[in-house]
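Chain by chain, the residues run as shown.
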Amino acid sequence: MTSACYSLAGYSGFGSYLLAMGYQAYLNVGGVPQGQPGYQADAVIEPTPQRVWPYLLLIAFAGMFALLGLRNLLILNWRLPYPSGSASGYMILSLHSQGGAEAAAAAAKVKLLAVSAAASFLFDAFKWVFQGPSYSCGFSSLPTFGKAAAAWTWRFDFQQQYIGAGMLVPHVVAWSMMLGAVLSWGVMWPLLSRREGDWYPAGLPSSDMRGMGGYKITA
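Note that the structure is predicted; figures quoted are calculated from it, not measured.

### Observations concerning the overall build of the chain
Part 1 of the argument: When helices and strands are tallied, the chain shows nine helices and zero strands.
Part 2 of the argument: When the helices and strands of the chain are listed from N to C terminus, the series reads α-α-α-α-α-α-α-α-α.
Part 3 of the argument: In terms of C-alpha radius of gyration, the chain reaches 24 Å, well past the compact-globule figure of 17 Å for 219 residues.
Part 4 of the argument: Taken along the three principal axes of its C-alpha coordinates, the chain extends 80 × 45 × 30 Å.
Part 5 of the argument: A total of 219 residues make up the chain; the buried ones form 11% of that total.
Part 6 of the argument: Residue pairs at least 24 apart in sequence account for 35% of intrachain contacts in the chain once pairs closer than 6 positions are excluded.
Part 7 of the argument: In the chain, the 12 positive side-chain charges and the 8 negative ones have mean positions that sit 9 Å from each other.

### Topic: the confidence of the model for the chain
Close inspection of predicted coordinates is inappropriate in any region flagged by low pLDDT.
Part 1 of the argument: Here the chain averages 79 in pLDDT, and 91% of its residues register 70 or above.
Part 2 of the argument: Per-element confidence in the chain is highest for helix H2 (residues 23-28), whose mean pLDDT is 86, and lowest for helix H1 (residues 2-11), whose mean pLDDT is 71.

### Things to note about the environment of Cys-5
Part 1 of the argument: Note that Cys-5 resides in helix H1.
Part 2 of the argument: C-alpha separation for the pair Cys-5 and Lys-216, spaced 211 residues apart in sequence, amounts to 25 Å.

### Re helix H3 (residues 49-77)
Part 1 of the argument: Between its terminal C-alpha atoms H3 stretches 40 Å, which fits the 42 Å expected from 29 residues at 1.5 Å a residue.
Part 2 of the argument: Largest kink in H3: about 30°, centred on Arg-71.
Part 3 of the argument: Remark: Arg-79 follows H3 within two positions and exhibits a positive phi of approximately 60°.

### Some remarks on helix H8 (residues 171-193)
Part 1 of the argument: Compared with the 33 Å implied by 1.5 Å per residue over 23 residues, the 32 Å span of H8 between its first and last C-alpha is a close match.
Part 2 of the argument: When the local axis directions of H8 are compared, the greatest deviation, roughly 25°, occurs at Ser-184.
Part 3 of the argument: Listed as buried for H8 are Ser-184, Trp-189, Pro-190 and Leu-192.

### Details of the pattern of salt bridges
Part 1 of the argument: As enumerated under the stated definition, the model contains one salt bridge in all.
Part 2 of the argument: Residues Arg-195 and Asp-198 are paired through a salt bridge, measuring 2.4 Å at the closest nitrogen-oxygen approach.
Part 3 of the argument: Classification of Arg-195 as partly exposed rests on a relative accessible area of 33%.

### Here we look at the packing of aromatic side chains
Part 1 of the argument: Going through the model one piece at a time under the given rule, you end up with four aromatic pairs.
Part 2 of the argument: Arranged with centres 6.3 Å apart and planes meeting at 65°, the rings of Tyr-23 and Tyr-39 form a pair that is edge-to-face. Here the residue Tyr-23 occupies a position in helix H2, and Tyr-39 occupies one in the loop between H2 and H3, the gap between them amounting to 16 residues.
Part 3 of the argument: Judged by its relative accessible area of 21%, Tyr-23 is partly exposed.
Part 4 of the argument: Classification of Tyr-39 as partly exposed rests on a relative accessible area of 24%.
Part 5 of the argument: When the centroid spacing of 5.7 Å and the interplanar angle of 85° are considered together, the rings of Tyr-26 and Tyr-39 count as edge-to-face. Remark: Tyr-39 occurs in the loop between H2 and H3 and Tyr-26 occurs in helix H2; sequence separation between them is 13 residues.
Part 6 of the argument: By way of ring pairs, the aromatic residues Tyr-23, Tyr-26 and Tyr-39 are connected into one cluster.

### A short note on the environment of Ala-117
Part 1 of the argument: For Ala-117, the position within the fold is in helix H5 (residues 101-130).
Part 2 of the argument: Judged by relative accessible area, which is 47%, Ala-117 ranks as partly exposed.
Part 3 of the argument: Sequence-wise, Ala-117 and Gln-160 are 43 residues apart; in three dimensions their C-alpha atoms are separated by 9.9 Å.

Thresholds, definitions, all that
- Residues numbered from 1 in each chain as written.
- Predicted model: local features only at pLDDT ≥ 70, side-chain atom pairs only at ≥ 80, totals over all residues.
- Heavy atoms only, no water.
- Helix = DSSP H or I, 4+ residues; strand = E, 2+ residues; numbered from the N terminus.
- Rg over C-alpha atoms; globule rule 2.2 N^0.38 Å.
- Buried < 20%, exposed > 50% of the residue type's maximum accessible area, 1.4 Å probe, protein only.
- Contact = heavy atoms within 4.5 Å.
- Lys, Arg positive; Asp, Glu negative; His and termini not counted.
- Charge placed at Lys NZ, Arg CZ, Asp CG, Glu CD.
- pLDDT = per-residue confidence, 0-100.
- Expected span 1.5 Å × (residues − 1).
- Bend = angle between axes of the 7 residues up to and from the residue.
- Salt bridge = Lys/Arg side-chain N within 4 Å of Asp/Glu carboxyl O.
- Phe/Tyr/Trp six-rings, centres within 6.5 Å; stacked < 30°, edge-to-face > 60°.

Structure representation (structure tokens):
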């Protein structure tokens, strides 16, 4: 239930566009207040419960119908294990044993898990000391591939969980995510930035919905 609720909140746009459709968001991006000349009523759609609840139901049922087809294909036909449940089950089984040699192997795995967790915590604490205000310096801002690439977020983040996730996911998933990152942050956004003043007004912040921010959310 918890997983379904936060997935629905993410897919429905609560963290991106849904709340940005209201009147307050319209004012935040420089819109003319209501009752004054130039106010655009068609640019404001208040996310009231009467509008949001039917929308959420449509999102939920669309995901359910899509999952039925994926379940038949991936789990029933291809016999692929459910990733998160299988990984949790394998980890729990590897940390328990019936005794003998298995007990020594399980103890070694528990020790390795504790050492890895402690090393990750200490490294994150070390990074936190040197990150500066608003992550302006430190490992998270190190221009690994140069300053020009760092301007488009091309840098090695040194996040231990990302390295572990990359070691766990299949190669097709890793390569598809890498291809998406190259197309978006290596091709699309640099090309869109060159159209400033032509496709959208010049001089706007990158988060402004009238400029690059609007293209990012739409794409």
